[in-house]
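So you can see what is in the structure, the chains are spelled out below.
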Amino acid sequence: MAGRLTFLLTSPRVGPGLLSRDAWRVLDTATVMAGDESDPTVEALRTAGVPVEVVDATDSWATARALVEAADETEVLWVTASDGDQPLTDAVAGEVTRRQKPPDVEVLVGSWDVPGARLLDLVAVMDRLRSPGGCPWDAEQTHESLLPYLRQEAEEFAEAVASGDRVDMAEELGDVLLQVAFHARVAAEDPDAPFDIDVVAGLLVEKLVRRHPHVFGDGDATTAEEVAANWERIKAEERAAKAARSGRSMGTA
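The shown structure was predicted, so the numbers you read here are calculated from the model rather than taken from an experiment. (Residues numbered from 1 in each chain as written. Predicted model: local features only at pLDDT ≥ 70, side-chain atom pairs only at ≥ 80, totals over all residues. Heavy atoms only, no water.)

### Focus on the packing of helix 3 (residues 60–70) against helix 4 (residues 86–97)
Relative to each other, helix 3 and helix 4 sit at 55°, their axes nearing to 8 Å. Relative to helix 4, helix 3 is oriented oblique. Between helix 3 and helix 4 lies a crossing of right-handed hand. Across the interface between the two elements, Ser-60, Trp-61, Thr-63, Ala-64, Arg-65, Leu-67 and Val-68 of helix 3 pack against Pro-87, Leu-88, Asp-90, Ala-91, Val-92, Gly-94, Glu-95 and Val-96 of helix 4. Residue composition of the contact of helix 3 with helix 4, by class: 9 nonpolar, 3 polar and 3 charged. (Axes fitted to C-alpha atoms, helices over the stretch in contact; angles between N-to-C directions. Helix = DSSP H or I, 4+ residues; strand = E, 2+ residues; numbered from the N terminus. Parallel < 35°, antiparallel > 145°, perpendicular 65-115°, else oblique. Left-handed = near helix turned anticlockwise from the far one by under 90°. Contact = heavy atoms within 4.5 Å. Nonpolar A, V, L, I, M, F, W, Y, C, P; charged D, E, K, R; others polar.)

Listed below in structure tokens is the structure:
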């Protein structure tokens, strides 16, 4: 009687020990194998008391054959690498196809990205580009040198909106987002008053909550016109408070 081979997929943006109930259920009974000793999921599983056998997966076809043979009469779980292990999964598909009675093969998603998770990838890529050993051009940029690109990308997104091309809109909006991430990364290196992307996002969240009291507080606005009026009123109050703070800091108030 054939067994089962399960490929465990996890998100690299989610803590390696935060797995679904179904994932832990299979982990409790299966022979667990992996191809990367340094995989954070492997470490997390071992910490949780799950034995994990790490094998040399350099040869995808040999590894596939070994996995399918091991799964002939038992349950085997393979901890899939963050890149998806496509050469290995392709090899397993080929190995299963040529057998008369192959084991069942399934993909089990152990953790899912939350909305916005790919923004973490953007921050990581931007950090790599700006850090030593990254991109020389990116490393030389300043807020001032980047401003023309910010204006240009905003204009190109406006053009994409006018065209109605949804693919173009998504791409151009990504270019605008790149400018935000780039400026925030440059700002993080300022020796006197640094701030990073988390500060930018945090201030934005505070502003959105503050300017939507009808959603997050006890404000009253039922029409778009009332919301716009409240927005401008709150914005004016913020400007006045900001001016007062600035005057006090300069000794003029």
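### Thoughts on the packing of helix 7 (residues 143–163) against helix 8 (residues 166–187)
Helices that pack against each other are described as a pair by the angle of their axes relative to one another and the distance between those axes. The interhelical angle for the contact between helix 7 and helix 8, taken along N-to-C directions, is 160°, at an axis separation of 8 Å. The angle between helix 7 and helix 8 places the two elements in the roughly antiparallel class. Pair helix 7 / helix 8 crosses with left-handed handedness. On helix 8, the residues touching His-143, Leu-146, Leu-147, Tyr-149, Leu-150, Glu-153, Ala-154, Glu-156, Phe-157, Ala-160, Val-161 and Ser-163 of helix 7 are Asp-168, Met-169, Glu-172, Leu-173, Asp-175, Val-176, Gln-179, Phe-182, His-183, Val-186 and Ala-187. Along the lines of polarity and charge, the residues of the contact of helix 7 with helix 8 split into 14 nonpolar, 4 polar and 5 charged.

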